[in-house]
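A closer look at the structure
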Amino acid sequence: MPYDVTFERLETQALHDLKGPREALAAWAGDALPPFPDQPNTKTEAGGATLMFIGPDHWLLRADLTREGTLDAALRPAEAPPEISLVRVSDTLAWFRITGPDAAEVMAVACPMDLHTSRFGPDGAGFTEAFGLKALVTRCADGFDLAVEQSFGPMVADYLTRVIS
Amino acid sequence: MMQIPCPFCGPRNESEFSFGGPVKPPRPDPSAVSDEDWTAWLTQVPNPLGPVQEQWWHVRGCGTWLTIWRDTRTHDIVEAPDGGR
Ligand SMILES: [Zn+2]
């Protein structure tokens, strides 16, 4: 059964992996970050950047690749105090955008997590599985963004092509 | 397939987790127990018929290590027996 969706592979996204106590991260880099999300596996957005709460004392900052240098300069990873860690990881994930009326149906094929809006709201963002791989899933306008380890990008592109055809 | 309750993420599919083995009793002082008891602690894996305490790693999720009690007869995740943790 063909699904009414389209998918595209997004360009590399600027990503920074942030670890440590929230207060220490906010004190060091708060001005460069959107407000910290309060609920696990949710995100906040401000100034073109998205901050995702992906684990205990663990956040992922996402922005367009053009902003990577600006964020690097603002986060000053090499000078950070020892209780926090800020690491640029832009090259680690391959991103896909799945949109259209049946986007949730395709995600249900890929992913065991309950992605109904009652459980995974508009601000949902977190790691789960997609096609058996560790994957970051978040909502976008009219669908979902899905990110997997970079080297699995061509394989996931192939899986998505098979699912929707 | 089990739904495993992650303290950070809530209930998630078993396939997102990696099994970390049963929780062993605390490590005894080898010089304070018999050779038999020490060997037993080193080599015997808890494998009861009933509730067993297990460690799981949410490796394809938030990365948390967690501990659950699972009943080996029903595969259900259960409360800790005798009000234990
Ligand atoms: Zn988790």
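Residues numbered from 1 in each chain as written. Chains lettered and ligands numbered in written order. Predicted model: local features only at pLDDT ≥ 70, side-chain atom pairs only at ≥ 80, totals over all residues. Heavy atoms only, no water.

Topic: the overall build of chain A
Counting its regular elements, chain A contains 4 helices and 10 strands. Reading chain A from its N terminus to its C terminus gives the helix and strand order β-β-α-β-β-β-α-β-β-α-β-β-β-α. Compactness check: chain A gives a C-alpha radius of gyration of 16 Å against a globular reference of 15 Å for 165 residues, within 12% of the reference. Dimensions of chain A, computed from C-alpha atoms along their principal axes, come out at roughly 55 × 30 × 25 Å. Considering only contacts within chain A whose residues lie at least 6 apart along the sequence, 62% involve residues at least 24 apart. Total accessible area on chain A stands at roughly 7800 Å², and carbon and sulfur atoms take up 52% of it. Once the 13 positive and 24 negative side-chain charges of chain A are each reduced to a mean point, those two points are 1 Å apart. (Helix = DSSP H or I, 4+ residues; strand = E, 2+ residues; numbered from the N terminus. Rg over C-alpha atoms; globule rule 2.2 N^0.38 Å. Contact = heavy atoms within 4.5 Å. Areas by Shrake-Rupley, 256 points an atom, 1.4 Å probe, with all protein chains shown as cover. Lys, Arg positive; Asp, Glu negative; His and termini not counted. Charge placed at Lys NZ, Arg CZ, Asp CG, Glu CD.)

Here's the deal with the interface of chain A and chain B
At the junction of the two partners, chain A supplies 15 residues and chain B supplies 12 residues. Taken together, the two surfaces of chain A and chain B that pack against each other cover about 1100 Å², and 52% of this comes from carbon and sulfur. Our enumeration of links across chain A and chain B arrives at 1 salt bridge. Note that B:Arg60 is salt-bridged to A:Glu129, the shortest N-O span being 3.8 Å. (Buried area = accessible area lost by both parts, 1.4 Å probe. Salt bridge = Lys/Arg side-chain N within 4 Å of Asp/Glu carboxyl O.)

As for the sheet that holds strand E5 (residues 58–63) of chain A
Residue and element names in this part refer to chain A. Strand order in the open sheet formed by 5 strands is E3-E4-E5-E2-E6, with antiparallel pairing between adjacent strands. Each having just a single partner strand, strand E3 (43–46) and strand E6 (85–88) make up the two edges of the open sheet. Across the sheet, the mean angle from the axis of one strand to that of its neighbour is 20°, orientation sign disregarded. Across 4 bridges, strand E2 (residues 14–19) lies against E6 in antiparallel orientation. Bridge pairing links Leu18 to Leu86 in E6. Here helix H2 (residues 68–75) sits on the sheet and contacts E2, E5 and E6; the angle it forms with E2, its principal contact strand, is near 25°. (Pairing = 2+ DSSP bridges. Axes fitted to C-alpha atoms, helices over the stretch in contact; angles between N-to-C directions.)

Here's the deal with the coordination of the zinc ion
Coordination of the zinc ion by the protein comes from B:Cys6 (SG), B:Cys9 (SG), B:His58 (ND1) and B:Cys62 (SG), over a distance range of 2.0 to 2.4 Å. Note that the zinc ion binds 4 donor atoms; their angles at the metal cover 101 to 118°, and the shape is tetrahedral. (Donors = N, O, S within 2.8 Å, 3.2 Å for Na, K, Ca; no water. Tetrahedral: all angles 85-135°; square planar, octahedral: opposite > 155°, others 65-115°.)

Observations regarding the packing of aromatic side chains
This model, assessed by the stated rule, comprises 8 aromatic pairs over all chains. When the centroid spacing of 5.0 Å and the interplanar angle of 5° are considered together, the rings of A:Phe53 and A:Trp59 count as stacked. Here the two residues A:Phe53 and A:Trp59 agree in accessibility, since each one is buried. For the ring pair A:Phe53 and B:Phe8, a centre distance of 5.1 Å and an interplane angle of 85° mean the geometry is edge-to-face. In this pair, A:Phe53 is assigned in strand E4 (residues 49–55) and B:Phe8 in the loop between strand E1 (3–6) and strand E2 (10–13), connecting two distinct chains. According to the relative accessible area criterion, B:Phe8 is buried, its value standing at 12%. Here the aromatic residues A:Phe36, A:Phe53, A:Trp59 and B:Phe8 are joined through ring pairs into a cluster of three or more. The ring of A:Trp28 has A:Arg76 lying over it, and the distance from NZ or CZ to the ring centre is 4.0 Å. Here the basic side chain of B:Lys24 rests over the ring of B:Trp41, its NZ or CZ set 4.2 Å away from the ring centre. (Phe/Tyr/Trp six-rings, centres within 6.5 Å; stacked < 30°, edge-to-face > 60°. Buried < 20%, exposed > 50% of the residue type's maximum accessible area, 1.4 Å probe, protein only. Lys NZ or Arg CZ within 6 Å of the ring centre and 35° of its normal.)

Examining the environment of A:Leu33
Residues and elements named next belong to chain A. Following the sequence through the fold, Leu33 ends up in the loop between helix H1 (22–29) and E3. On the accessibility criterion, Leu33 (8% relative accessible area) is buried. Put simply, Leu33 and Leu61 are 28 residues apart on the chain and 7.8 Å apart in space, counted from C-alpha to C-alpha. With residues near it in sequence (within four places) discarded, Leu33 still touches Leu18, Leu51, Leu61 and Leu75.

A look at the nonpolar core
All names here are of chain A. In this structure, Leu18, Leu33, Leu61 and Leu86 are the most contacted members of the largest nonpolar core, which totals 29 residues. Sort the elements by how many residues they give to this core and H1 lands first, with 4 residues. Setting aside residues up to four positions removed in sequence, Leu61 forms contacts with Ala14, Leu15, His16, Leu18, Leu33, Pro34, Ala49, Thr50, Leu51, Leu71 and Leu75. In terms of nonpolar packing, the next biggest core, distinct from the first, is built from 26 residues, Phe120, Ala130, Phe144 and Val156 among them. (Core = buried A, V, L, I, M, F, W, Y, C linked by side-chain atoms within 4.5 Å.)

Some details on the sheet that holds strand E9 (residues 133–140) of chain A
Residue and element names in this part refer to chain A. With antiparallel pairing, 5 strands are arranged side by side in an open sheet as E1-E7-E10-E9-E8. In this open sheet, the two strands that pair with only one neighbour each are strand E1 (6–9) and strand E8 (125–130). In this sheet, adjacent strand axes meet at a mean angle of 30° when their direction is disregarded. On the sheet, helix H3 (residues 103–110) packs against strand E7 (93–99), E8, E9 and strand E10 (143–149) and is oriented at approximately 30° with respect to E10.

No statement about biological role is implied by the geometric values presented.
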